[in-house]
Amino acid sequence: MTQIDLLIAASALLALAMLTASVLMGWQGWLALKNRELEMNRVPPEMEGGSREGMARIEIADLKERIRKLEAIANGVDL
């Protein structure tokens, strides 16, 4: 092999290494972007099952409705 051939091979190897490094940096940036998007769209833990106060109010309203229906049945009123 001549020196020109070695120079071309070394240049190609260096270009491949630079290309690989830039693609890897781009991939890591893309992963960081997707991770940030997931973090921004995450629902806070207190909102996953609803707030406790809201659930309690709904439960109390449901119980009041059941009591009203039972009282109507006990009084002989058709609903």
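Quick summary incoming for the structure in this document. (Residues numbered from 1 in each chain as written. Predicted model: local features only at pLDDT ≥ 70, side-chain atom pairs only at ≥ 80, totals over all residues. Heavy atoms only, no water.)

### Quick notes on the overall build of the protein chain
Within the protein chain, the regular secondary structure consists of three helices and zero strands. Tracing the protein chain from N to C terminus, the helices and strands come up as α-α-α. For the protein chain, the proportion of its 79 residues judged to be buried stands at 1%. Total accessible area on the protein chain is roughly 7600 Å²; 66% of this is exposed by carbon and sulfur atoms. (Helix = DSSP H or I, 4+ residues; strand = E, 2+ residues; numbered from the N terminus. Buried < 20%, exposed > 50% of the residue type's maximum accessible area, 1.4 Å probe, protein only. Areas by Shrake-Rupley, 256 points an atom, 1.4 Å probe, with all protein chains shown as cover.)

### Some points on a nonpolar patch on the surface
Residues Leu24, Trp27, Trp30, Leu31 and Leu33 make up a contiguous nonpolar surface patch of roughly 510 Å² in combined accessible area. Considering the arrangement of structural elements, one finds Leu31 in helix H1 (residues 3-41). (Patch = residues over 30% accessible without salt bridge, like charges linked within 9 Å, V, L, I, M, F, W, Y side chains within 5 Å. Salt bridge = Lys/Arg side-chain N within 4 Å of Asp/Glu carboxyl O.)

### Re helix H3 (residues 52-74)
Given a rise of 1.5 Å per residue, 23 residues ought to cover 33 Å, and the 33 Å separating the end C-alpha atoms of H3 matches this to within 8%. Once H3 finishes, Gly76 follows within two positions and takes phi at roughly 80°, a positive value. (Expected span 1.5 Å × (residues − 1).)

### A word on the pattern of salt bridges
For the structure on display, the rule yields three salt bridges. With a closest N to O distance of 3.4 Å, Asp62 and Arg66 form a salt bridge. Here the residue Asp62 and the residue Arg66 both occupy positions in helix H3, the gap between them amounting to four residues, near one helical turn. Exposure remark for Asp62: the relative accessible area of 37% places this residue in the partly exposed category.

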